[in-house]
Amino acid sequence: MSTGSGADSAPAPNSHDDTVSDDATATAPGTAPAVAAGPAATPRTGTFSSLRIRNYRLFATGQMVSNTGTWMQRIAQDWLVLSLTGSSTAVGITTALQFLPMLLFGLYGGVIADRFAKRKLLLFTQTAMGVTGLALAALTLSGQVQVWHVYLVAFVLGLVTVVDNPSRQAFVSEMVGQDELRNAVSLNSANFQSARLIGPAVAGVLITAFGSGWAFLLNGLSFIAPLTGLLMMRTAELHKVDRVPRSKGQLREGLRYVSGRPDLIWPIVLVGFIGTFGFNFPIWLTAFVHHVYHQGAGTYSLFNGLMAAGSLIGALLAARRANSRLRLVVGAAILFGTLEIAAALAPSFWIFAALLVLIGTVGLTINVTANSSIQMATDPAMRGRVMSLFMMVFVGGTPLGAPLVGWITDSFGPRIGFMAGGVVSLAAALLIGLFLARVGGLRLKVDLRRGHRHLAFVPRAAPDAHSAERKLTPAA
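Rules used in this analysis
- Residues numbered from 1 in each chain as written.
- Predicted model: local features only at pLDDT ≥ 70, side-chain atom pairs only at ≥ 80, totals over all residues.
- Heavy atoms only, no water.
- Helix = DSSP H or I, 4+ residues; strand = E, 2+ residues; numbered from the N terminus.
- Buried < 20%, exposed > 50% of the residue type's maximum accessible area, 1.4 Å probe, protein only.
- Areas by Shrake-Rupley, 256 points an atom, 1.4 Å probe, with all protein chains shown as cover.
- Phe/Tyr/Trp six-rings, centres within 6.5 Å; stacked < 30°, edge-to-face > 60°.
- Core = buried A, V, L, I, M, F, W, Y, C linked by side-chain atoms within 4.5 Å.
- Salt bridge = Lys/Arg side-chain N within 4 Å of Asp/Glu carboxyl O.
- Axes fitted to C-alpha atoms, helices over the stretch in contact; angles between N-to-C directions.
- Parallel < 35°, antiparallel > 145°, perpendicular 65-115°, else oblique.
- Left-handed = near helix turned anticlockwise from the far one by under 90°.
- Contact = heavy atoms within 4.5 Å.
- Nonpolar A, V, L, I, M, F, W, Y, C, P; charged D, E, K, R; others polar.
- Expected span 1.5 Å × (residues − 1).
- pLDDT = per-residue confidence, 0-100.
- Patch = residues over 30% accessible without salt bridge, like charges linked within 9 Å, V, L, I, M, F, W, Y side chains within 5 Å.

**Observations regarding the overall build of the chain**
Consideration 1: Across its full length, the chain carries 18 helices and two strands.
Consideration 2: Buried residues in the chain amount to 57% of all 476 residues.
Consideration 3: Counting every atom, the chain has about 20000 Å² of accessible surface; 67% of that belongs to carbon and sulfur.

Below you can see the structure in the form of structure tokens.
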């Protein structure tokens, strides 16, 4: 595992051509490190190579079961709130409350993850998540549930997630080591998206036949699987990471570390915009099902399943990818915003459904590529704090974006609401991409000849000695 300062452990470009073509990877002498590239030494070992490691197999199996339950609860929770209130804004408030703790306390969760043994933290957080599911099941099945109960459970679940997310993200490297980290991060996403295919389908059947309460009950019970996997792990086989002792200023230290690393801060800024405005799918999909297509919970489950199928494709493609480049993150973000705008304008049900598959694939590509490149470039002692910042802006921005997007959707209709998210995502990707190209001394080259790359970022032509001398003469 890397023990460098972070800059030294950041992945290096595969070649000069790769460096030149990446967004802002070329920097002037004396400036910050290059902005993101994949490690040349990492071998392509297969799509499922990290599953050869026993501890990671146990972890992945447990997460598959609990992730399925989590998706069941998400679908049931959104539909329950819509049934109780009839309001997309209320769905947005529920989503916001679930992610508000990440916005408020996310960085402190990273400090906790760096200080304590991550396996023990996960035993606590996974137990607490199971309890929240059982509590909501008891309220719903007893017929006592009110919308404020759902709000409260969502907020408590968000508090637990503050510690669970960075601990789970950073624990992956302890199970598989640095060589398999990129593959394991991609398989984690594939795991989550596979569960997203199963969970909504099961939830749709349960909600239609028996009501939301049974979905909440199964979710609470599903956390037995990850807890069993964590208890069965061979701790001697975990890759040792020195825990950070308690001291003052650790939060500021993490922020300073990220602020001085353009290969970390710009992916975080970009996914922050996309997570805040472009990932409000519970609001948009419930609104499209209810107000545009006039369907029920089964169609909502279908839409989520289609997005999950696309996301699973994106995750498996990412698992085969040998490197993670910022160029790919920016390009995928541009395509993501464009696809959301197209879906908002889709003239028919099945065109809308097909576009959801593509949106899922591209959205997952953004998430996995940014996640893996950040983890690979981060010092292990800082990984918990860096990943908590990543999750804080990606997930924690939802409390800011969800109520606004929900209001736009209620006031102007689902199509305008969906389009607004796509426009913001597209604008953010274009602006950050152009800024990175300018900072890196790059320009966009268009070449329409056959056999040549049609679009590429290349270095700006350096001025000759005479022109440089002429520019300096007035200053003298």
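**Side note on the packing of aromatic side chains**
Consideration 1: Within the structure shown, the criterion is met by 20 aromatic pairs.
Consideration 2: Taking the centre distance of 6.5 Å and the plane angle of 90° together, the rings of Phe-281 and Phe-336 count as edge-to-face. Placement of Phe-281 in helix H11 (residues 281–292) and of Phe-336 in helix H13 (residues 326–344) is noted, with a sequence separation of 55 residues between them.
Consideration 3: Taking the relative accessible area as the measure of exposure, Phe-281 reaches 6% and is therefore buried.
Consideration 4: Since its relative accessible area comes to 1%, Phe-336 is described here as buried.
Consideration 5: Where Phe-303 meets Phe-352, the ring centres are 5.2 Å apart and the plane angle is 65°; that geometry is what we call edge-to-face. Within this pair, whereas Phe-303 is found in helix H12 (residues 297–320), its partner Phe-352 is found in helix H14 (residues 349–377), the two being separated by 49 residues in sequence. Side by side, Phe-303 and Phe-352 carry an identical accessibility label, which is buried.
Consideration 6: In textbook terms, an aromatic cluster arises when at least three aromatic residues are bridged by ring pairs, as seen for Phe-279, Phe-281, Trp-284, Phe-288, Tyr-293, Phe-303, Phe-336, Phe-349, Trp-350, Phe-352 and Phe-418.

**So, the nonpolar core**
Consideration 1: Membership of the largest hydrophobic core comes to 77 residues, with the highest contact counts inside it found for Phe-352, Ile-359 and Phe-418.
Consideration 2: If you look at the next biggest cluster of nonpolar residues, it comprises 19 residues, including Phe-171, Val-172, Leu-181 and Ala-184.

**As for the pattern of salt bridges**
Consideration 1: Scanning the model with the defined rule gives three salt bridges in all.
Consideration 2: The partner of Asp-164 in a salt bridge is Arg-168, and the shortest N-O contact between them spans 2.8 Å. Residue Asp-164 and its partner Arg-168 are located together in helix H5 (residues 147–176), separated by four residues, close to a single helical turn.
Consideration 3: Given a relative accessible area of 0%, Asp-164 falls into the buried group.
Consideration 4: A salt bridge links Glu-237 to Arg-234; the nearest nitrogen and oxygen atoms lie 3.2 Å apart.

**Focus: the packing of H5 against helix H15 (residues 383–395)**
Consideration 1: Relative orientation of the contacting elements H5 and H15 amounts to 130°, with a least axis distance of 9 Å. It follows that H5 is oblique to H15 by the angle criterion. As for how H5 packs across H15, the hand of that crossing is right-handed. Contacts from Asn-165, Pro-166, Gln-169, Ala-170 and Ser-173 of H5 reach H15 at Arg-383, Gly-384, Met-387, Ser-388 and Met-391.
Consideration 2: Along the lines of polarity and charge, the residues of the contact of H5 with H15 split into four nonpolar, five polar and one charged.

**Remarks on unusual backbone geometry**
Consideration 1: One non-glycine residue, His-294, adopts positive backbone phi at about 55°.
Consideration 2: When you line up the elements, His-294 lands in the loop between H11 and H12.
Consideration 3: The exposure class of His-294 is exposed, given its relative accessible area of 60%.

**Observations regarding H15**
Consideration 1: Between the first and last C-alpha of H15 there are 17 Å, a value that for 13 residues agrees with the 18 Å anticipated at 1.5 Å per step.
Consideration 2: Counting buried positions along H15 gives twelve out of 13 residues, so the element sits mostly inside the fold.
Consideration 3: For H15, the complete set of buried residues consists of Arg-383, Gly-384, Arg-385, Val-386, Met-387, Ser-388, Leu-389, Phe-390, Met-391, Met-392, Phe-394 and Val-395.

**Observations regarding the confidence of the model for the chain**
A low pLDDT means the predicted coordinates there should not be read in detail.
Consideration 1: Mean pLDDT over the chain stands at 77; residues scoring 70 or higher make up 79%.
Consideration 2: Mean pLDDT across the elements of the chain ranges from a minimum in helix H1 (residues 16–21), with 36, to a maximum in helix H8 (residues 224–232), with 94.
Consideration 3: Every residue in residues 1–44 scores below 50 in pLDDT, and together they form 113 contacts with partners more than four places removed in sequence or on other chains.
Consideration 4: Across residues 462–476 the pLDDT falls below 50, and counting only partners more than four positions away or on other chains, this stretch makes zero contacts in the model.

**Some remarks on the packing of helix H10 (residues 262–277) against H15**
Consideration 1: Two elements in contact, H10 and H15, have axes separated by 6 Å at closest approach and are oriented at 30°. Here H10 contributes Ile-268, Val-271, Gly-272, Gly-275 and Thr-276 to the contact with H15, which in turn contributes Leu-389, Phe-390, Val-393 and Phe-394.
Consideration 2: Taken together, the residues of the contact of H10 with H15 break down into six nonpolar, three polar and no charged.

**A closer look at H14**
Consideration 1: Helix length check: H14 (29 residues) gives 42 Å between terminal C-alpha atoms against 42 Å at 1.5 Å per residue, within 8%.
Consideration 2: Counting buried residues along H14, 22 of its 29 residues qualify, which places the element largely inside the surrounding structure.

**Thoughts on the environment of Gln-169**
Consideration 1: Tracing the sequence through the fold places Gln-169 in helix H5.
Consideration 2: Since its relative accessible area comes to 16%, Gln-169 is described here as buried.
Consideration 3: Residues Gln-169 and Met-387 lie 218 residues apart in sequence; the distance between their C-alpha atoms is 7.1 Å.
Consideration 4: Residues within four places of Gln-169 in sequence aside, it is in contact with Asn-371, Gln-375, Met-387 and Met-391.

**Points about a nonpolar patch on the surface**
Consideration 1: Residues Leu-104, Phe-105, Tyr-108 and Leu-159 make up a contiguous nonpolar surface patch of roughly 380 Å² in combined accessible area.
Consideration 2: Along the chain, the position of Tyr-108 falls in helix H3 (residues 88–115).

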